[in-house]
Amino acid sequence: MVLPTRLVCLVWLITCLSFNVKAQDFSVKSKYEYAPKEATKGNSLIQGLKFSEAIEEFNSLLKRANDAGDNRLAIFAMERKAYAERRSGDFEQALITISQAIARAKNQLDENDMLLSRLYFRAGVIQYRDYEFTNALYYLDTAQAVYQISDSYDSAFYKSLVDYKYYSLNSTNGNSDTLQKYLDIRLKIAQQNKDKEEELYILQDYPDFYSNLGDFEQALFYAIRAYKLATENLQPNPKNDVNIDISNKRTISFTMFKLAGVLRNKKDYTKALEVALQIIPIIDKYGPKSFPNYHAYYQGVGVIYVSLGQYEEALPYLEKAGEIDIKTSAAKRFYGINLVNIGNCYLQMGEEEKAYEILNKSFAVLKEVVSFPSSDYYFPHENLGNFYVKETEFNKAFIQYDSALRNSLGNYNEGALSFPEGENFSYYDLEALRKKASTLLNIEVDTLSEVERLSISKSYAERTHKLLFDRRKDLSASEGKLFLSKQFKPLYETAIEACYGLWKATGNEKYFYDALQFSRYSKAILFLEQSEELELVNNNLATQDLKESFYMAKTQLDSLEGGFYALIDSNITSDSLSQINDVLNSARNRFQNVVDSLRVYLGEFENQPNTVFKDLENPISARSIKGGEGIIEYFYGEESIFALGQDSENKVFVKIDELDSIQNGLLNIFSSVSQAPEIKDFDKKLDHFNKHSFYVYKSIIKPVLDSFSSKTKYLTIIPDDYLSRLPFEILITSDIEPSSFNSLPYLIREYSVQYELSNSLINNHNYKKRKKEVSGLLGIGYRSGDLASSRSQYGDLPGTEREINFLKASVEGTYFLGGTKQDFLENARNYDILHLAIHGEADTVNKYQSSLIFSGSGNTQLQTSDLYLAGLNARLAVLSACESGVGLITKGEGTFSIARGFSLVGVPSIVMSLWKVNDKITSRLMVDMHEKFNKEGEPINEALRQAKLNYLNNSDAYLSHPYYWSAFIQLGENVESNEGERNGLLVVVLSAGVLLAILAIFIYRKKRRRTI
């Protein structure tokens, strides 16, 4: 069908325009009111679901209209006949009828006639209901084009048109911006009409929309918002009318069903099951007849059980869902998809023959109602792909993932090894691309060499990464970004695995640097994003009002997110959660608006909305490394650990496969060193620690050190996942029969070790751009009336007095023994070094709650959000407190500790602790460290190392246990004190003076000999 040129232009124009409900200008257009009384009987038959009789009636009306020469009535009768035919299930005849009506209307009606718009709309609905979504979209676009140029309006019709336009776009992977515009239009129409039922119906589409994008935090917001709207607008039922009660229960059940779906998408399966199971007793109480969609609820519970790996528990629910009457195309489609889930259960349970029988049946059923390609086939193919991976049949898995993509994307026509082109990739498409890249590591293709196959896998991972980062930039919630980092870490494992294979096969250094780049992508991206935001606000050009707005918005947002996720864990359907949900979303929008305002205000940032991503995308090339220094970066994957090491002479790329054994060794080390040893079975504990520590050493670091130059003694380690809890200095470097803890060959005896969060931070910390040069030391010690021997209690810390008094006598600065949080916030910005000898408290459940505890009453806890207000300019923060480096470990991001907060706000060097520490010995270590750092001019890392070695070499067999001396590590740059710099300068001047004096004496003597 060819449209007139004017209509073609209008279709294109509408696609490009930003739609708004106000586009319906009622002041210019008249209301469309064509409703011929001759059609009343036929319309009544349709309402009574008597479709065959309605078809006969409209055939009769068509003949009468033709005889009377009434073209408009004849065309109208054809539209109603097509509608009745579609409702009767005869899609083919319905399309023929409406196509004839359109052809006749184009010849006999004006091109801006509202009836022509309704004809195109009816054709679109027929195609949509027949799952021909692309054709549906064409007709609906045309219907909208005609509607826009019509002289009349019809609000009810326009609402239906926008509804179907949205669903057709959604089913054809339409552009997300366009989809959101239509979704917002639909919601505005419902709100303008004050139609709460329609508003609730539309709100249910938002979770699906955002889930498809992978923005599960926004999906969760709308799911909770819909639940709140449903509970606030239930029908009053003072007389306990059963029908009203059932209607209310249906409304609540559907919103809970959607909420459970979002939680499942977020991988919070336990909470999803808890919500979904609340629906089943309601259905059982009132019976299936009262819940026409009960099959979907049972299927939803079954699918969640499948996600939990509880296949036997899933089957009864899925089989109950399969009881649906499959008379309609929609019911057949549901039945076919449900069979896929049942087949997947039997696959996972090992009953392959039965599984294949059911899966073949599912495809046969779906083919009856759904043509290829269709997203309905995505999950069947993905499930089969997952099964084949489990069975290590990678070629078959590759084919299934490829088929999943072809059905989801529709326009993917390239070869199986080619990456699909386009922009509109859903979250699930990204998942399939990730899995396809992974299978490429192991498939066998006769026409490809190993290098070619690995190169294709690497290319797949690179291109998927770019799509992933583009998607990430659109997310506003930190939790959403963390979710993406966690879910797609396996993508970077695939990429690094491919680089490793290519490195081994070719020896080309390019693949070493590519692997470093992928490792960079996988670590601390949220940290880098937040660091950039703080750098932005600390710019000298920003006004004080903007800065205060930023700090207030960020502090509120962090606080709300902490409370929100705590409430989700306790009661996701509580009124409190519904209330905080709206406030949290507003806070996210407000914070983003403040950041956007800052970027616009500061011209240098205006055209660089994401400099973090720009820096991350810069290729890593050969780095200049000083002699004696080495860098080791770890990637802790699901299948392997990779170590990438380089010093001034060598590059090392190591793959470590014994993941379970290494994790067991790490856990044993953590349990050994994170608590004070008991005298009982002390020798056994020594042997136990020695065994596991040496095993971890020889597995993860020895292969790198063996390839380094013998001159390399200063190591920077970029850990990952579990390794971020490990002080590498305590690893045992040789297999000996241990006699005591102080005689063990610890790594610290041979190497100085410091740590970084990301390789992008090496020699690249924000303090170099700080706005204010400061000097001196701020020291704060904890004091209260209660005595305690450990920093794990909020009592006095006697050792802190020794620390503060030593520093007071040694370094110029300001000191508070018994200092408060307010003392810190008011003074910290003016000092170069911060030393906080106070309490610390880690929270390994809530990432926002790790804190430092100051003296005083009231609000004594310092959390990361407080640091935004502190305006720190320090180069070094010594957190002489318990667990200051401990917090929730999040895959792909690292540890959320209070030390991370100091690094986040730009402090380039931090000394932090990895467990609860002993007050007395900590004081001894801190004093010794500052002696070497401030007086002797040693860099902070070497000062800390020497303090540890001094303690270790002068302790008895019991007190030399690593619990006492190894908790503190240094994160970030290896800074020197200003005192050390001045002392160093003095030494240089004196040395130069001595050399000049010696030279003068030599010249004098030489001249004297000549004279003689």
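Predicted model, so just to flag it, every value in this text is computed and none were measured. (Residues numbered from 1 in each chain as written. Predicted model: local features only at pLDDT ≥ 70, side-chain atom pairs only at ≥ 80, totals over all residues. Heavy atoms only, no water.)

This paragraph deals with unusual backbone geometry. Its identity as a non-glycine residue notwithstanding, Leu49 has a phi of 60°, on the positive side. Positive phi, normally seen in glycine, also occurs at Asn240, with a value near 55°. For Asn240, the location among the structural elements is in the loop between helix 12 (216-232) and helix 13 (242-265). (Helix = DSSP H or I, 4+ residues; strand = E, 2+ residues; numbered from the N terminus.)

The next thing to look at is the packing of aromatic side chains. Under the counting rule described, the total for this entry stands at 53 aromatic pairs. Ring geometry for Tyr210 and Tyr222: centres 5.7 Å apart, planes at 5°, overall stacked. Residue Tyr210 is found in helix 11 (residues 205-213), and its partner Tyr222 is found in helix 12; the two are separated by 12 residues along the sequence. As far as the burial class goes, Tyr210 and Tyr222 line up, both buried. (Phe/Tyr/Trp six-rings, centres within 6.5 Å; stacked < 30°, edge-to-face > 60°. Buried < 20%, exposed > 50% of the residue type's maximum accessible area, 1.4 Å probe, protein only.)

A cluster of acidic side chains, namely Glu678, Asp681, Asp683, Asp687, Asp735 and Glu737, defines a negative patch on the protein surface. Turning to its location among the elements, Asp681 is positioned in the loop between helix 32 (659-673) and helix 33 (682-700). (Patch = residues over 30% accessible without salt bridge, like charges linked within 9 Å, V, L, I, M, F, W, Y side chains within 5 Å. Areas by Shrake-Rupley, 256 points an atom, 1.4 Å probe, with all protein chains shown as cover. Salt bridge = Lys/Arg side-chain N within 4 Å of Asp/Glu carboxyl O. Lys, Arg positive; Asp, Glu negative; His and termini not counted. Charge placed at Lys NZ, Arg CZ, Asp CG, Glu CD.)

A few words now on the sheet that holds strand 12 (residues 851-853). Pairing is antiparallel in the open sheet, where three strands are placed in the order 11-12-13. Sheet topology places strand 11 (839-841) and strand 13 (861-862) at the edges, where each strand pairs with a single neighbour. Pairing between strand 11 and strand 12: three bridges, direction antiparallel. Paired with Gly840 across the strands is Leu852, a residue of strand 12. (Pairing = 2+ DSSP bridges.)

Turning next to the environment of Asp956. Its place among the elements puts Asp956 in the loop between helix 40 (940-953) and helix 41 (962-965). The class of Asp956 is partly exposed, set by a relative accessible area of 41%. Among the polar contacts listed, one links the side chain of Asp956 to the backbone nitrogen of Leu959, at a separation of 2.7 Å. (Polar contact = N/O pair within 3.5 Å; in protein donor to acceptor, adjacent residues only side chain to side chain.)

Let us now look at the packing of helix 22 (residues 427-439) against helix 23 (residues 450-473). Between two packed helices, both the angle of their axes relative to each other and the distance between the axes serve to describe the pair. One can describe the packing of helix 22 onto helix 23 by two numbers: an axis separation of 9 Å at closest approach and a directional angle of 160°. In terms of their interaxial angle, helix 22 and helix 23 are classed as roughly antiparallel. By crossing handedness, the relation of helix 22 to helix 23 is classed as left-handed. Contact residues: helix 22 offers Tyr427, Leu430, Leu433, Arg434, Lys436 and Ala437, while helix 23 offers Ser457, Tyr460, Ala461, Thr464, Leu467, Leu468 and Arg471. Taken together, the residues of the contact of helix 22 with helix 23 break down into eight nonpolar, two polar and three charged. (Axes fitted to C-alpha atoms, helices over the stretch in contact; angles between N-to-C directions. Parallel < 35°, antiparallel > 145°, perpendicular 65-115°, else oblique. Left-handed = near helix turned anticlockwise from the far one by under 90°. Contact = heavy atoms within 4.5 Å. Nonpolar A, V, L, I, M, F, W, Y, C, P; charged D, E, K, R; others polar.)

So, on to the nonpolar core. One finds Ile701, Phe728, Phe824 and Phe902 to be the most contacted residues of the largest nonpolar core, which totals 267 residues. When neighbours within four sequence positions are excluded, Ile701 is seen to be in contact with Ile632, Tyr634, Val696, Leu715, Ile717, Phe728, Leu731 and Leu747. (Core = buried A, V, L, I, M, F, W, Y, C linked by side-chain atoms within 4.5 Å.)

Neither face of strand 14 (residues 876-879) is open: one carries Leu876 and Val878, the other Ala877 and Leu879, and all of them are buried. Direction of pairing for strand 10 (residues 833-837) relative to strand 14: parallel, over a ladder of four bridges. If you follow Leu834 over to strand 14, its bridge partner there is Ala877. Relative to strand 17 (residues 909-913), strand 14 runs parallel, the two sharing three bridges.

What follows covers the packing of helix 28 (residues 544-570) against helix 29 (residues 575-601). Between helix 28 and helix 29, the shortest axis-to-axis distance is 9 Å and the interhelical angle comes to 150°. On the basis of their axis angle, the class for helix 28 and helix 29 is roughly antiparallel. Considering the relative orientation of helix 28 and helix 29, their crossing is left-handed. Each residue belonging to the contact of helix 28 with helix 29 can be placed in one class, and the counts come to 19 nonpolar, six polar and four charged.

Time to look at the environment of Glu973. Note that Glu973 resides in the loop between strand 18 (968-972) and helix 42 (978-1011). According to the relative accessible area criterion, Glu973 is buried, its value standing at 10%. Sequence separation between Glu973 and Tyr755 is 218 residues, and the spatial gap between their C-alpha atoms is 8.4 Å.

Take empty space enclosed by the protein next. Counted under the stated rule, the structure contains five cavities of 30 Å³ or more. Roughly 90 Å³ of volume is contained in the second largest cavity. Surrounding the second largest cavity, Leu468, Phe469, Arg472, Leu484, Ser485, Phe488, Tyr492, Tyr521, Ser522 and Ile525 form its lining. When contributions to the lining of the second largest cavity are tallied by element, the ones reaching two or more residues are helix 23 and helix 24 (478-487). The element contributing the most residues to the lining of the second largest cavity is helix 23, with three residues. Here the lining of the second largest cavity is built from residues that sort into seven nonpolar, two polar and one charged. (1 Å grid on protein atoms, 1.4 Å probe; cavity = no way out; pocket = protein on both sides within 12 Å on 5 of 7 lines; lining within 4 Å. Points joined across faces, edges and corners; volume = space filled by probe spheres on them.)

On to the pattern of salt bridges. A full pass over the atoms with the stated rule returns 44 salt bridges. Asp154 is the salt-bridge partner of Arg118, the closest N and O atoms lying 3.1 Å from each other. With Arg118 in helix 6 (residues 114-129) and Asp154 in the loop between strand 2 (152-153) and helix 8 (155-171), the pair connects residues that are 36 residues apart, well separated along the chain. Here Arg118 matches Asp154 in class, with each residue buried. The residue Glu274 makes a salt bridge to Lys271 at a minimum N-O spacing of 3.4 Å. Of the two residues, Glu274 and Lys271 are both situated in helix 14 (residues 269-276); the distance of three residues between them amounts to about one turn of the helix. Exposure remark for Glu274: the relative accessible area of 38% places this residue in the partly exposed category. Through salt bridges with shared partners, a single network forms among Lys159, Asp163, Arg186, Glu198 and Asp205.

Nothing here speaks to function; it is all geometry.
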